[in-house]
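# Coordinate analysis (summary)
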Amino acid sequence: MARSIIVVGAGPAGLAAAMQAEGQGARVTLVDEGQRPGGQIYRQGPPALGREDIAGAAELRRKHKLLEAFERARVRIDYRPNTSAFALFGPRDIHVASGDQTQVLSADGVILASGVREVAVPFPGWTTPGVMYAGGAQSLIKSQRTLPGRNVVVAGCGPLPIVVAAQILRAGGKIAAFAPLHSLTAGVGNLTGLWHGRGVVLEGLRYLATVMKSGVARLTGFVPIRARGIDRLESVVLARLDAAGAVEKGSEREIACDALVINYGFAANSELAALAGARMRHEELIGGWLPEVDDFGRTSVEGVFVAGDMAGLRGALVAETEGCLVGAAAAASPEIFAKRSFEQSWHKELTHRRRLCEFQKVVRAMLDRPRALWAIADDDTMICRCENVNLGHLRFAFSAGHLAPNTIKRSTRAAMGWCGGRTCLPMIAALAELHAKASPFAMMTPRPLARPVPLSALANQTKG
Amino acid sequence: MTNRTADILIVGAGAFGLSCAWWMAKRRDGSRILVVDEGEFAGGASGRNGAGFRMQWGLELNIRLCQESIKFFESAARELDYPPGIALKQDGYLVLAHSEKALKTLEAAVRTQHRFGVPSEVLDAKECIKLVPPLGRERLRGGSFCALDGSASPFLWLDALLRACRRQGVDVVYGIRARSIEPVETRYRVQLDDGPVDVAKILICTDWAAPELLAPLGIDVRTEPLPKEILVTSPAPPAVKPILVSLEHKIAVNQVDRGSVIFTVSRARSGTTTRSTGDFLSFAAPKIVDLVPGLAHVPVLRAWGGVSSVTPDMQPIIGETEREGLFVAVSSYRGFMTSPAVGRIMAAMVLDGDTNDPIASALHPRRFAAGEMIIEPLLNQE
Ligand SMILES: Cc1cc2nc3c(=O)[nH]c(=O)nc-3n(C[C@@H](O)[C@@H](O)[C@H](O)COP(=O)(O)OP(=O)(O)OC[C@H]3O[C@@H](n4cnc5c(N)ncnc54)[C@H](O)[C@@H]3O)c2cc1C
Ligand SMILES: Cc1cc2nc3c(=O)[nH]c(=O)nc-3n(C[C@H](O)[C@H](O)[C@H](O)COP(=O)(O)OP(=O)(O)OC[C@H]3O[C@@H](n4cnc5c(N)ncnc54)[C@H](O)[C@@H]3O)c2cc1C
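What this report covers is the structure whose coordinates are included nearby. Please read these numbers as outputs of a predicted model, since none were measured by experiment. (Residues numbered from 1 in each chain as written. Chains lettered and ligands numbered in written order. Predicted model: local features only at pLDDT ≥ 70, side-chain atom pairs only at ≥ 80, totals over all residues. Heavy atoms only, no water.)

## Let's talk about the sheet that holds strand 2 (residues 27-31) of chain A
Residues and elements named next belong to chain A.
- Spatial strand order, 3-2-1-7-19: 5 strands in an open sheet with parallel pairing. The open sheet has two free edges, formed respectively by strand 3 (78-80) and strand 19 (304-306), since each of these has just one partner strand. Across the sheet, the mean angle from the axis of one strand to that of its neighbour is 15°, orientation sign disregarded.
- With 3 bridges connecting them, strand 2 and strand 3 associate as parallel partners. Residue pairing across strands places Leu30 opposite Tyr79, the latter belonging to strand 3.
- Where helix 1 (residues 12-23) meets the sheet, it contacts strand 1 (4-8), strand 2 and strand 7 (109-112), and its direction lies at approximately 165° from that of strand 2. (Pairing = 2+ DSSP bridges. Helix = DSSP H or I, 4+ residues; strand = E, 2+ residues; numbered from the N terminus. Axes fitted to C-alpha atoms, helices over the stretch in contact; angles between N-to-C directions. Contact = heavy atoms within 4.5 Å.)

Given below as structure tokens:
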């Protein structure tokens, strides 16, 4: 009988995995909470808006190639948009919700390809309307064709601030200041890495050229230390920090703007893997808590696989290649998978991925988040928005020795709200380390639900 | 190896252990008190419960235990010098009956309650629904209500106790397990994870795990683990002022100040895992929607598990064991709401040898061997 595979996430990793598994004869179900396939990077706006045009040409080519291939395969795949996976206890116990309905699915294998989200770094005023993260700005541009603001400050580290700044400019927006934390040549020493990523590097250079040519004010090494405005952002104070996180005297610049777009790197959406009991490891700069995986995305839990950025930031190119490898492994029967010929038949892709990963080292160097960043927040700075917990509350908890995520959660309620800690946990980890020397940071006990689901939908469970 | 010294060792830093420690330390009689817990802060049932307290019981014993405790909760912020307070909410408890038989039981209990000054009353189905509009009408017969019952945050309660204990010099350490107890002359040597400690007296507050330490000494403490699961919703507009308990559904509903609604849903299970299970959500949601259809639209945020203890008569076990200086306090569920009074009683027992307290003498550990069972008519429900 054909193997059954469930894929969570329709980004490049999930799409590639679903198509590969289907191509090998598996019965494939693909769930994604988004309206249309594509995931984070290949996000599609509503069909009425037509194709986007602000991404680089090569990226758009890859996007359309993948999405068109998926259109062709779609008739043979049980693709379910607007469907979220909210609990996972193994491949035979997968809980999904759509609208006012839930289902418990069972399969031979489940492939988690739920990607990454952005990491927030708290500073006074960071919750002011108008302050947003790069993904928010990108989805405004890509899926709504609107600009984040009329006059935008872009800041942060890694390649994404460059990309968003260029995309804002290409969409006709105005940039008040561009503040990359690291010199734009960080990571350039790694020539092998650059060579392996040459395709992406060229794209990156084009984005960079767009930003440079526009003549926007560039403030390298500056970070936002305060956002001003009550109902609406009015200005941002940028400054340089010393190693201890103190503001360098006289470096403050206040810049009028109506939007601040930031990216400080990424955290993996790994909750479902943790809930399923997969062995996890912590690597801060590529996503925080990550499932341990082998070359074929196998986790420590039988039948639970992971592909793409969720196993640690890899970029869209690796995500797609890896999706194929993981889809192939999940769809193969254990006997076929165990044969040496299986690995040999994927030799090319394995090598390709290894090379692309070399390039990820370049990106990692650009993503370095100095500890000093976490010292900007003061006691009144909000940390957990859902439960209204500020740094003062956290420090009160630290003072009684509550330094692990479970105990910080219990003593402050941080991470107990709507988002389940997806926003505040990485911040809390860094703040506990900075203020209370709590290291290494333990993992919070994973709990369902990965997404809020109405009681009525839980009660309205159809047979899967 | 750490060199620890103490006169009194309390094993377990849950609501029982910390409350006992605080009441003992309050005496300032010079005893050095050490509390060890193998887990994290609030890692036991005390950090995983439904947070409800009530004086609506059917036995004098339970009524008094909870009346005293609730009085203490009311003044806890001041008594424990804890300015944030413990999120006290006293909007009452509504115990629901969905059959004539259950209603009769409630009526009898309310008569008993009145004898001890509990301001409870019996409501008919209409009055119940007026009080809690989202309630389902089907089969609902009525309920009993007491406005002094309510809830508090177990986390804040434990944090307040912990800080107050430490201020009074109690040494509270987490991440350290008590592995074994060995009597040495008139004292005890306890093997802790980081070395032995010699103490004069020991109080076991490890709840369902108490037999692990006591059975090797030949002490028979009849308690078993009772695993439960529980879920919480996102904040919703105020709809359920009193805490609800449905005898038939075996559900307790607590909408706390933030608006989140906590549902404790019981089902027959055994074991000691606190892990969440997939079938719990499938099991609990239809029952909840049947009980309070008006809350069906509210999103569930999180589910978790906790393990408490249950004894043969579902009443706590508190007292000195057959070995002098070795004491035990097992909650038999409901240990959040009884922890203030149990702390006071145990402090008197451990420090003064006072076993005359009527509650303490009724709940002594050897009652089962003697064939005594205490029957609480309102138990076996939430
Ligand atoms: C804001 C942002 C910008 C980025 N920009 C770039 C870039 O320019 N270049 C680059 O190489 N990489 C970029 N990345 C990294 C990364 O997103 C890509 O490498 C790529 O999209 C990873 O593909 P993926 O398939 O692993 O995950 P994704 O593309 O993120 O896809 C994950 C999918 O899973 C779905 N999902 C998640 N959780 C659930 C759930 N519980 N139930 C159902 N569905 C779920 C999501 O809806 C999403 O469609 C960016 C990341 C972010 C967050
Ligand atoms: C889902 C659920 C809902 C509940 N709802 C309510 C409610 O609404 N109202 C109410 O009053 N009660 C309720 N209860 C019951 C209540 O939570 C418990 O009765 C109470 O918390 C018990 O407190 P404790 O201090 O005895 O035990 P615990 O809080 O479990 O503490 C025992 C401690 O001992 C430690 N320990 C165990 N063995 C060792 C060892 N060998 N060495 C060192 N440390 C050790 C453990 O780590 C643990 O921290 C509920 C329980 C559950 C599970």
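Still more ground to cover, so stick around.
## Overview of the site of ligand 1
Residue and element names in this part refer to chain A.
- In the vicinity of ligand 1 lie 30 residues, with Ala13, Asp32, Gln40, Ala85 and Asp309 positioned nearest.
- Backbone polar atom of Ile41 to an oxygen atom of ligand 1: 3.5 Å apart, as the coordinates give it.
- Within the contact set of ligand 1, an oxygen atom lies 3.0 Å away from a backbone nitrogen or oxygen of Ala316.
- For ligand 1, the accessible surface in isolation is 970 Å², of which the surrounding protein chains cover 89%.
- Among the secondary structure elements, those contributing two or more residues to the shell around ligand 1 are helix 1, strand 4 (84-88), strand 8 (116-118), helix 3 (134-144) and helix 8 (316-331).
- Counted by class, the shell around ligand 1 contains 12 nonpolar, 13 polar and 5 charged residues. (Near = heavy atom within 4 Å. Polar contact = N/O pair within 3.5 Å; in protein donor to acceptor, adjacent residues only side chain to side chain. Areas by Shrake-Rupley, 256 points an atom, 1.4 Å probe, with all protein chains shown as cover. Nonpolar A, V, L, I, M, F, W, Y, C, P; charged D, E, K, R; others polar.)

## Observations regarding the sheet that holds strand 11 (residues 175-180) of chain A
Residues and elements named next belong to chain A.
- Taken in spatial order, the 4 strands of this open sheet run 9-15-10-11, and their pairing is parallel. The sheet is open, and its two borders are formed by strand 9 (131-133) and strand 11, each paired with just one other strand. Pairwise comparison of adjacent strand axes, ignoring direction, gives a mean angle of 20° for this sheet.
- Where strand 10 (residues 152-156) meets strand 11, 5 bridges bridge the pair, whose relative direction is parallel. Each residue of the ladder has a partner; that of Ala155, found in strand 11, is Ala179.

## Description of the site of ligand 2
Residues and elements named next belong to chain B.
- Of all residues adjacent to ligand 2, which total 35 residues, the nearest are Asp37, Ser46, Ser331, Gly335 and Met337.
- Take Asp37: an N or O atom from its side chain is 2.5 Å from an oxygen atom of ligand 2.
- Within the side chain of Ser46, an N or O atom sits 2.5 Å from an oxygen atom of ligand 2.
- Coverage of ligand 2 by the protein chains reaches 95% of its 1000 Å² of free accessible surface.
- Secondary structure elements with two or more residues in the shell around ligand 2: helix 1 (15-25), strand 2 (33-37), strand 17 (299-310) and helix 9 (335-352).
- Split into classes, the residues belonging to the shell around ligand 2 amount to 14 nonpolar, 14 polar and 7 charged.

## So, the environment of Leu233 of chain A
Residues and elements named next belong to chain A.
- Relative to the helices and strands, Leu233 resides in the loop between strand 12 (222-228) and strand 13 (235-240).
- Taking the relative accessible area as the measure of exposure, Leu233 reaches 3% and is therefore buried.
- When near neighbours in sequence (up to four residues on either side) are disregarded, Leu233 contacts Thr128, Pro129, Gly130, Val131, Ala227, Arg228, Cys257, Asp258, Ala259 and Leu260. (Buried < 20%, exposed > 50% of the residue type's maximum accessible area, 1.4 Å probe, protein only.)

## Here's the deal with the pairing of strand 18 (residues 288-291) of chain A
All names here are of chain A.
- Here 4 bridges tie strand 17 (residues 280-283) to strand 18, and the two strands are oriented antiparallel to one another. In the strand pairing of strand 18, Met280 is matched with Pro291.
- Taking the residues between adjacent antiparallel strands as the criterion, strand 17 and strand 18 are bridged by 4 residues, where Gly287 takes a positive phi near 140°.

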